[in-house]
Amino acid sequence: MSGSTRDLRKLVSELHELEQRLLAGGGAKKIEKQHNDGKLTARERIAGLIDPGGLFLEIGLLIAYDRYEGQAPAAGVVTGIAKIEGRPAVIVANDATVKAGAWWPETITKILRAQEIAMRNAIPIVYLVDSAGVNLPLQDGIFPGQYGAARIFYYNSLMRRRFHIPQIAAVMGPCIAGGAYLPALSDVIIMVDKVSFMGLGGPNLVKGAVGQITDSETLGGAAMHTAISGVAHFRAADDRACLAMIRQQFRQMPAAPPTPECKPPKLDPAGLYDILPSDHRLPYRMEDLLERILDSADLVEFQPDHAPEFLCASATLSGRHIAVIANRRGFLKTKTGPRIGGIVYAESARKVAYFVENAERHRVPILYVQDVSGFMVGVEAETAGIIRAGAEMVETMACATVPKIVLTVNHASGAGYYAMAGQGFDPNFTFSWPSARIGVMEGDSAVQAVHGPELEKYKTNGEPVPAELEQRIAQTRSDYDRWLDAKYAAARGHCDALIDPLDTRKILTLAFDAACFKSNTEHVPVQLLSEVKL
């Protein structure tokens, strides 16, 4: 939907329609083949693994949905978090209905993000392996580079040797060539009898390379690897038995903490569809949104009369104490004059910085609710020290070690997006509503920035705007409408998941359960985690 108008219900409906298409993977015929081969699909395996009735929070479902002519739904791998035996865990499952589970360039991106979630939150990770290996025509985007497939094995090694994060690998189909190192670098390897294969080369490659004639079972089947090579640790009769073995591994881990008591939201969550105005530029009450997501008790706003364009509050979510930082919208009256909601002023930047410091001191996780248009500009803002104040806001957010989760509901523009824990600052999770608009600026502002001098020249000379310039302006608006579409951002991994507003509370609850599972995690870039003792 383009322009300034929108219908959140329609956006959600379009999202669900796209999701259903992607959830079908390679389609009915490929699913039937998987069943005929004696195997469950990736999503059936996940459903059988996680706690009954529990939420599977899928990460990156929309990745690459608009590439490869639609032939790579979910980039051929299902990633997400869920609870297994009451413990939050990351799950990575190859979808063999999509080009036999072969790796696309974006497959690597998704696996790395899943591993980073496990490392960031110090929670176990399960690999359900069923992949034909690298998608060879696209190998140049998969094999080499700092963030190529090798980094998967780097993260494997860090988790195993440095962070002691449990890694369980279930080989439930083929696992070939370099991909075999993913299970080999895990703590526990389970193979499925007569179905799984693990080897650096398949029978055809072995025949061509060393002249040996063999078959898959002899070369790398479950019986061989559990009885002769000793590479695998357990052999399961079928997929369901394999999933049961994984759950048994989780029962041997320390018990999960008890679930805190909570109260339902003050207002009916069904009203979330009606809070945002049809025009994204118009105001609304952020309190109406929060009171449909957070617990009904204990919401206390910090400095409500000072810099009110930022709502900072202590609250509870499903019984967990959290700090909330959100943007109010509209024109706000204060004793020092009117202020524009969604804008970061010097006073609000300092207010947020102090609030974040308090959350850090008291070890309270933070929820950022983004609807920010940027920093205030102009003589008054500069003389008030907006640059220094903004730097303080960014620095305290960046250096806070408590978990940080981002929910983008509307605008996320310019440096304001950065200061509100933008993705580049490694928040634990980032979620967006279908109404989210992530970009440097809005289309109208871009038109003025790009074409403003030319337009002013024609206006000054009293000349009509040429058709060619009108076309370029229209193209700029069209480009920004596309770039600001939430699905565009989700397809490129600019958020972990695009979510239905009605699911916000349960998704944030699971995300905070994962982020807060270990109390001594350190929030620093993954590249530096090896210097930190978890």
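Source: prediction; values computed, not measured.

Undergrad: In this structure, what is going on with the overall build of the protein chain? I would like to understand it.
TA: Regarding its fold elements, the protein chain presents 19 helices and 20 strands. Relative to its length of 534 residues, the protein chain is compact, with a C-alpha radius of gyration of 25 Å against a globular reference of 24 Å. Referenced to the eigenvectors of the C-alpha coordinate spread, the extents of the protein chain come out at roughly 80 × 60 × 40 Å. With 534 residues in all, the protein chain has 54% of them scored as buried. Here the analysis covers contacts within the protein chain between residues at least 6 apart in sequence; of these, 74% occur between residues at least 24 apart. When the accessible surface of the protein chain is totalled, it reaches about 23600 Å², and 55% of it is carbon and sulfur. Treating the 56 positive side-chain charges of the protein chain as one cloud and the 60 negative ones as another, the clouds have centres 4 Å apart.

Undergrad: I would appreciate a short explanation of unusual backbone geometry in the present structure.
TA: Residue Tyr68 is not a glycine yet carries a positive backbone phi of 55°. Tracing the chain through its elements places Tyr68 in the loop between strand 1 (57–58) and strand 2 (77–84). For Ala122, which is not glycine, the phi dihedral falls at a positive 55°. You can see Ala122 is positioned in the loop between helix 4 (105–121) and strand 4 (125–131).

Undergrad: Would you take a moment to explain the state of the cysteines for this structure?
TA: Put plainly, two cysteines are in a disulfide when a covalent bond ties their sulfur atoms together. If you walk through the whole model with that rule in mind, you get zero disulfides. Between Cys175, a free cysteine, and Cys242, which holds the nearest cysteine sulfur, the sulfur-to-sulfur gap is 13 Å.

Undergrad: Help me understand the environment of Ile246 in this model?
TA: Examined against the element boundaries, Ile246 turns out to sit in helix 10 (residues 239–251). For Ile246, a relative accessible area of 0% corresponds to the buried category. The spatial distance from the C-alpha of Ile246 to the C-alpha of Ile190 is 8.3 Å, given a sequence separation of 56 residues. Residues in contact with Ile246, not counting those within four places in the same chain, are Leu49, Val126, Leu128, Ile168, Ala170 and Ile190.

Here is what the cut-offs are and how they apply
Numbers given to residues run from 1 along each chain, matching the order in which its sequence is written. This being a predicted model, a pLDDT of at least 70 is required before a residue's local features are given, and a value of 80 or more before pairs of side-chain atoms are given or counted; all residues contribute to the totals for chains, interfaces and linings. As a rule here, side-chain values cover all heavy atoms of the structure and leave hydrogens and water aside. The helix count covers DSSP runs of H or I at least four residues long, the strand count covers runs of E at least two residues long, and both are numbered beginning at the N terminus. Two things to know: the radius of gyration comes from C-alpha atoms, and the globule rule equals 2.2 Å times the number of residues to the power 0.38. Only protein chains enter the accessibility calculation, which uses a 1.4 Å probe; a residue whose area is less than 20% of its type maximum is buried, one above 50% is exposed, and one in between is partly exposed. Residues are treated as being in contact if the distance between any of their heavy atoms lies within 4.5 Å. Surface accessibility in these figures is a Shrake-Rupley result with a 1.4 Å probe; residues are shielded only by whichever protein chains are displayed. The positive count covers Lys and Arg only, the negative count covers Asp and Glu only, and His and the chain ends enter neither. Charge coordinates come from a single atom per side chain, which is NZ of Lys, CZ of Arg, CG of Asp or CD of Glu. Two cysteine sulfurs form what is called a disulfide whenever their separation falls within 2.5 Å.

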